[in-house]
Amino acid sequence: MTFKRDTSTRRIVFSYLVPVHVEVEDGIVADVVVIDETPIRDPTLIEGDGDLLTQAVTDANDGQAWPSWRFGY
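Residues numbered from 1 in each chain as written. Predicted model: local features only at pLDDT ≥ 70, side-chain atom pairs only at ≥ 80, totals over all residues. Heavy atoms only, no water.

Caption draft 1: Up close: the overall build of the protein. Looking only at helices and strands, one finds one helix and five strands in the protein. N-terminal to C-terminal, the α/β element order of the protein is β-β-β-β-α-β. Every one of the 73 residues in the protein was classed for burial, and the buried ones make up 15%. At a minimum sequence separation of 6, the contacts of the protein that also span at least 24 residues come to 66%. Of the roughly 6300 Å² of accessible surface on the protein, 54% is carried by carbon and sulfur atoms. (Helix = DSSP H or I, 4+ residues; strand = E, 2+ residues; numbered from the N terminus. Buried < 20%, exposed > 50% of the residue type's maximum accessible area, 1.4 Å probe, protein only. Contact = heavy atoms within 4.5 Å. Areas by Shrake-Rupley, 256 points an atom, 1.4 Å probe, with all protein chains shown as cover.)

What follows is the structure in structure tokens.
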């Protein structure tokens, strides 16, 4: 039995540098804020089809205002 692979959904995972604000109290990281509203530059492909990376970056970098992500208290 042969299964056809659905190619309509493409998963591209990439990484890029973003500004991060880190607060340290008494030698312990107490709060981290990832500021992800910056334009994507110099992405590194982690997983997926490298030929689709340019389109994935364009789709992710569409000017939409993203919230910052906060971890800690």
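Caption draft 2: Focus on the pairing of strand β3 (residues 28–34). Pairing of strand β2 (residues 20–25) with β3 involves six bridges; the strand directions are antiparallel. Bridge assignment links His21 to a residue of β3, and that residue is Val33. Taken together, β2 and the strand that follows it, β3, pair antiparallel across an intervening segment of two residues, in which Asp26 is found at a positive phi of about 50°. (Pairing = 2+ DSSP bridges.)

Caption draft 3: A look at the environment of Thr58. Counting through the fold element by element, Thr58 comes out in helix α1 (residues 53–60). The exposure class of Thr58 is partly exposed, given its relative accessible area of 47%. Expressed as a C-alpha distance, the spacing of Thr58 and Ile40, which sit 18 residues apart in the sequence, is 8.7 Å. Here Thr54 takes part through its backbone oxygen, which lies 3.0 Å from a polar atom of the side chain of Thr58. (Polar contact = N/O pair within 3.5 Å; in protein donor to acceptor, adjacent residues only side chain to side chain.)

Caption draft 4: Summary view of α1. Taken as a whole, α1 has its buried residues at Leu53, Ala56 and Val57. All buried residues of α1 fall inside an arc of 100° around its axis, so they share one side. Residues of α1 that are buried in the fold lie against β1 (13–15) and β4 (44–47). (Arc of directions from axis to C-beta.)

Caption draft 5: Inspection of the environment of Ala56 at higher detail. Within the fold, Ala56 resides in helix α1. Separated by 45 residues in the primary sequence, Ala56 and Arg11 have C-alpha atoms spaced 9.1 Å apart. Once residues within four sequence positions are removed from consideration, Ala56 is found in contact with Ile12 and Phe14.

Caption draft 6: Representation of a nonpolar patch on the surface. A contiguous nonpolar surface patch, about 330 Å² in accessible area, is contributed by Val20, Val22, Val24 and Val29. Counting residues per element, the nonpolar patch draws most heavily on β2, which supplies three residues. In this fold, Val24 is placed in strand β2. (Patch = residues over 30% accessible without salt bridge, like charges linked within 9 Å, V, L, I, M, F, W, Y side chains within 5 Å. Salt bridge = Lys/Arg side-chain N within 4 Å of Asp/Glu carboxyl O.)

Caption draft 7: Broad picture of the nonpolar core. Grouped together as the largest cluster of nonpolar side chains are six residues: Ile12, Phe14, Ile40, Leu53, Ala56 and Val57. Not counting residues within four places of it along the chain, the set of residues in contact with Phe14 comprises Ile40, Pro43, Thr44, Leu45, Ile46, Leu53, Ala56, Val57 and Ala60. (Core = buried A, V, L, I, M, F, W, Y, C linked by side-chain atoms within 4.5 Å.)

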